Amino acid sequence: MLALCKTTWFNCLIKGISFDQHKIEDRMTVNLNLNAGALRIVNRAQARINELGLDESKTEANGTFLDFGIKSKGGIQAGLELARACMSGLAKISLAPSHLDLWKGPAIAVATDHPVLSCLASQYAGWQIAVGKFFAMGSGPMRAHYGSEDLFNHIPGREKSPHVVGILETSKAPDSAVFDYLSSKLELPHENITLLGAPTGSIAGSIQIVARSVETAMHKLHELKFPIDAIKQGAGWAPLAPPSPDFTEAIGRTNDAILYGAAVHLWVDTEDDIIASFGPKVPSNSSSDHGQPFAEIFRKVKGDFYKIDPLLFSPATVHFYNLKTGRCFQFGKFETNLLNKSWN
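Just so you know, these numbers come straight off a predicted model, no measurement behind them.

Visitor: What's the story with the overall build of the chain in this structure? I'm lost.
Guide: The helix and strand tally for the chain stands at 13 helices and 13 strands. Relative to the globule expectation of 20 Å for 344 residues, the C-alpha radius of gyration of the chain, 19 Å, shows essentially globular dimensions. Summarising its shape, the C-alpha atoms of the chain cover approximately 60 × 45 × 35 Å along the three principal directions. The buried share of the chain, reckoned over its 344 residues, is 58%. Expressed as a percentage of contacts within the chain between residues at least 6 apart in sequence, the contacts between residues at least 24 apart total 73%. Surface exposure of the chain reaches about 14,600 Å², of which carbon and sulfur atoms provide 51%. Computed over 33 positive and 34 negative side-chain charges, the inter-centroid distance for the chain is 4 Å.

Now the structure itself:
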């Protein structure tokens, strides 16, 4: 659905998350070290390790792993810090009131002035890490240091850092063999690699996944070949999914939070007809797999993500604010009935 709103720039600001209204510089050329930004958050978390409920372990070669919820207690504040590290410190992430009329629980709010770097070059889970029986989806700025994904041929963000930070969605702590694998790929010793991890079903794990509302829109737009450099700022809200000890239920609930409950707002500098052309293809309801709780879809394909329509992974609604013309566009719709079904 396409809707044109006639509000002013001020009225287009959502829920009190505002952006600098002065002339916007080209964020694509900003020289930011992603791993350095994430490492500052890691250092802060280490200084609050007991307060955040984290556990820290080392490999024999001094690689560092911070457990945010596998065996550790973790929690809300730990999850927020995990999500911030995943975006290299280039986003404001917080617990917020729900934006959905029929869901009164908390939401995760994200706002970034660097959507390409924070979302695609850092937060996107683009590295499948498989070592023996260990498997995890890898995200965070270590991907920018590695830089081997095809995605980095289309976006800025490749960097070489003396110390890298990676985030793992996993229910098992990485051992020395995992650090050996990463050390070889990253060409860094264990002691220069810090990994953070949490399972999908933990509170911290759920928060860092639900904090991907803007990232899913950014990745979808990139896949659709939208001019990604035209996106200057992004903000998003998604309801915080209830955690579950069952992996399929946990992955279903966190995905449903995005697919059926996320609202993303993008400030872009492009032509109105480009927004009108791409916009209807961005929300999750443009996918043939839309309309079922994600756990049901996941079971039908027997856990094989590659059998799911890749266009499904996107937020429920997307709003575009055109900096060039002042026009505003809205696409998609919320599906609170499916959230209720998913979350019982």
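Visitor: In this structure, what is going on with the sheet that holds strand β9 (residues 193-198)? I would like to understand it.
Guide: Taken in spatial order, the 6 strands make up an open sheet running β2-β3-β9-β8-β7-β6, and their pairing is mixed. Every interior strand has two partners, whereas the edge strands, β2 (55-58) and β6 (127-131), have only one. For this sheet the average axis-to-axis angle between neighbouring strands, irrespective of direction, equals 30°.

Visitor: Just checking my understanding: could you explain the environment of V282 for this structure?
Guide: Along the chain, V282 falls in the loop between α11 (272-278) and α12 (294-300). The exposure class of V282 is buried, given its relative accessible area of 0%. The sequence separation of V282 and P315 amounts to 33 residues, and the corresponding C-alpha distance is 7.8 Å. Residue contacts for V282: discarding those within four places in its chain leaves K220, L221, L224, S314, V318 and F320.

Rules and cut-offs
Residues numbered from 1 in each chain as written. Predicted model: local features only at pLDDT ≥ 70, side-chain atom pairs only at ≥ 80, totals over all residues. Heavy atoms only, no water. Helix = DSSP H or I, 4+ residues; strand = E, 2+ residues; numbered from the N terminus. Rg over C-alpha atoms; globule rule 2.2 N^0.38 Å. Buried < 20%, exposed > 50% of the residue type's maximum accessible area, 1.4 Å probe, protein only. Contact = heavy atoms within 4.5 Å. Areas by Shrake-Rupley, 256 points an atom, 1.4 Å probe, with all protein chains shown as cover. Lys, Arg positive; Asp, Glu negative; His and termini not counted. Charge placed at Lys NZ, Arg CZ, Asp CG, Glu CD. Pairing = 2+ DSSP bridges. Axes fitted to C-alpha atoms, helices over the stretch in contact; angles between N-to-C directions.

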